[in-house]
Amino acid sequence: MRLGIISALHEEQQGLVEAMERPYKLIHGMREYWTGKLWEIDAVAVLSRIGKVAAAMTATTLVEKFGVTHILFTGVAGSGDPSVRVGDIVVAESLVQHDMDASPLFPRFEVPLTGLRHFASDRQMALELSHAAQRFLEREFMDAIDAQERAAFALQAPRMHRGLVGSGDQFVSHRERIRALGEALPGLLAVEMEGAAVAQVCFELGIPFGVIRTISDNANENAATDFMRFVKSVAAQYAFHVVRQFCRQARVQASRVSAGT
Ligand code: SAH
């Protein structure tokens, strides 16, 4: 396994690069690709920057130039459902480009010529991510996040959810907009700006991928104010712990396979 790890924001990537063994930086297409070992997994960590095109470009480069075999996307997202709260984790089971609309030529949300509205993430990766997220929330969350920050964001007993994530080139910050998206896309748990683009690239190139998002805001009028502090003090910790646990699990899997058990 050679794992490509894409983060959308600098704060999320920083911790991973610091944890890397023998990190080596290569600049390509205005991005820094960090190759090295992360908890004994061969990894390439990169910042995608924001939006679908940026994410698609990054995912493609990871596969074509860096030869990654799997892609993991970590980031933050706005809540798409009242049951999904700030501080919760969403593991994507499928992803949709919520701003794709080539109707009446193709049904709304369908990506032309793929016949798909929803792109499914890799089942095994989603399962491993859910385990990693659950473990983080149960065992590490209290130590990893300062009491002051837990209080500031009213994080009490954050939960993990699995389901549909919507991506579009839009920071959703109006309650009517998020409500309309939720109505048009039943089961929508979170909105962000990259995941479904990575999903399409991985689908087309045949690369297993997973997307995990920490909920940073409620995609309403307060979204922007909450966002930056949350990313720095909370989301970066989440991403670090979940990726570490994911890599450790992958390591155990790999040694089981090589031992033939
Ligand atoms: N203020 C930030 C911009 C962040 S854009 C800056 O200056 O860097 C928001 C990022 O977080 C995107 O990568 C997106 O994937 C995710 N995100 C978080 N909340 C979101 C929301 N409500 N709508 C859309 N994307 C959101």
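Residues numbered from 1 in each chain as written. Predicted model: local features only at pLDDT ≥ 70, side-chain atom pairs only at ≥ 80, totals over all residues. Heavy atoms only, no water.

(A) Representation of the site of the ligand. Around the ligand, 17 residues are found, and the nearest of them are Val76, Val172, Met193, Glu194 and Asp217. At a separation of 3.3 Å, a nitrogen atom of the ligand approaches a polar backbone atom of glycine 78. Protein coverage of the free-state accessible area of the ligand, which is 570 Å², stands at 79%. If you list the elements that add at least two residues to the shell around the ligand, you get strand E5 (70-79), strand E9 (188-192) and strand E10 (209-217). Here the shell around the ligand is composed, by residue class, of ten nonpolar, three polar and four charged. (Near = heavy atom within 4 Å. Polar contact = N/O pair within 3.5 Å; in protein donor to acceptor, adjacent residues only side chain to side chain. Areas by Shrake-Rupley, 256 points an atom, 1.4 Å probe, with all protein chains shown as cover. Helix = DSSP H or I, 4+ residues; strand = E, 2+ residues; numbered from the N terminus. Nonpolar A, V, L, I, M, F, W, Y, C, P; charged D, E, K, R; others polar.)

(B) Examining the side chain of glutamine 13 more closely. Its location among the elements puts glutamine 13 in helix H1 (residues 10-19). The contacts of glutamine 13, once residues within four sequence positions are left out, are Ser7, Glu32, Trp34, Ala45, Val46 and Leu47. (Contact = heavy atoms within 4.5 Å.)

(C) View of the packing of helix H2 (residues 52-64) against helix H6 (residues 195-205). Interaxial distance between H2 and H6 falls to 8 Å at its minimum, and their mutual angle equals 35°. Seen along the crossing, H2 lies across H6 with a hand that is right-handed. Mapping the contact onto sequence places Lys52, Ala55, Ala56, Ala59, Thr60, Val63 and Glu64 in H2 and Ala197, Val198, Val201 and Leu205 in H6. (Axes fitted to C-alpha atoms, helices over the stretch in contact; angles between N-to-C directions. Left-handed = near helix turned anticlockwise from the far one by under 90°.)

(D) Examining the state of the cysteines more closely. Across all of its chains, the model carries zero disulfides by this definition. We note that cysteine 247 lacks a disulfide partner, and the nearest cysteine sulfur, in cysteine 202, lies 16 Å from it. (Disulfide = S-S within 2.5 Å.)

(E) Looking closely at the nonpolar core. Among the nonpolar cores identified, the biggest contains 76 residues, and Ile71 and Ile89 are the most heavily contacted of them. The element best represented in this core is helix H7 (residues 223-259), accounting for twelve residues. If sequence neighbours within four positions are ignored, isoleucine 89 has contacts with Ala133, Phe136, Leu137, Arg159, Met160, His161, Ile212, Arg213, Tyr238 and Val242. Ranked by size, the runner-up nonpolar core spans ten residues in total, among them Val96, Val172, Ile178 and Leu181. (Core = buried A, V, L, I, M, F, W, Y, C linked by side-chain atoms within 4.5 Å. Buried < 20%, exposed > 50% of the residue type's maximum accessible area, 1.4 Å probe, protein only.)

(F) How the structure looks around the pattern of salt bridges. The full count for this structure, using the stated rule, is twelve salt bridges. For the salt bridge of aspartate 99 with lysine 52, the shortest nitrogen-to-oxygen distance reads 2.9 Å. Here lysine 52 lies in helix H2 and aspartate 99 lies in the loop between strand E6 (89-97) and strand E7 (119-120), a separation of 47 residues in the sequence. For aspartate 99, a relative accessible area of 35% corresponds to the partly exposed category. The class of lysine 52 is buried, set by a relative accessible area of 13%. Between glutamate 140 and arginine 244 there is a salt bridge whose closest N-O contact spans 3.5 Å. Separated by 104 residues along the polypeptide, glutamate 140 in helix H3 (residues 123-144) and arginine 244 in helix H7 bring together distant segments of the chain. Residue classification places glutamate 140 among the buried residues on the basis of a relative accessible area of 17%. Salt bridges sharing common partners tie together Lys52, Asp99 and Asp169. (Salt bridge = Lys/Arg side-chain N within 4 Å of Asp/Glu carboxyl O.)

(G) Representation of the environment of threonine 114. When you line up the elements, threonine 114 lands in the loop between E6 and E7. Using a relative accessible area of 21% as the deciding quantity, one classes threonine 114 as partly exposed. Here the alpha-carbon distance between threonine 114 and arginine 251, two residues 137 residues apart in the chain, equals 34 Å. Ignoring sequence-local partners within four residues, the contact set of threonine 114 consists of Phe119, Phe203 and Glu204. At a separation of 3.1 Å, a polar atom in the side chain of threonine 114 contacts the main-chain amide nitrogen of leucine 116.

(H) Structural context of H3. Of all the bends in H3, the largest measures some 50° and sits at glutamate 138. Every buried residue of H3 is listed here: Met125, Ala126, Glu128, Leu129, Ser130, Ala132, Ala133, Phe136, Leu137, Glu140, Phe141 and Ala144. (Bend = angle between axes of the 7 residues up to and from the residue.)

(I) Geometry of the pairing of E10. Of all the nine residues making up E10, nine are buried; the element is thus mostly covered by neighbouring parts of the structure. Bridge count between E6 and E10: three bridges; the pairing is antiparallel. What sits directly across from valine 90, in E10, is arginine 213. (Pairing = 2+ DSSP bridges.)

(J) Spotlight on the packing of H3 against H7. Direction vectors running N to C along H3 and H7 enclose 130°, while the axes themselves pass 8 Å from each other. With respect to H7, the axis of H3 lies oblique. Viewed along their axes, H3 and H7 form a crossing whose handedness is right-handed. Residue classes in the contact of H3 with H7 are distributed as eleven nonpolar, seven polar and four charged. (Parallel < 35°, antiparallel > 145°, perpendicular 65-115°, else oblique.)

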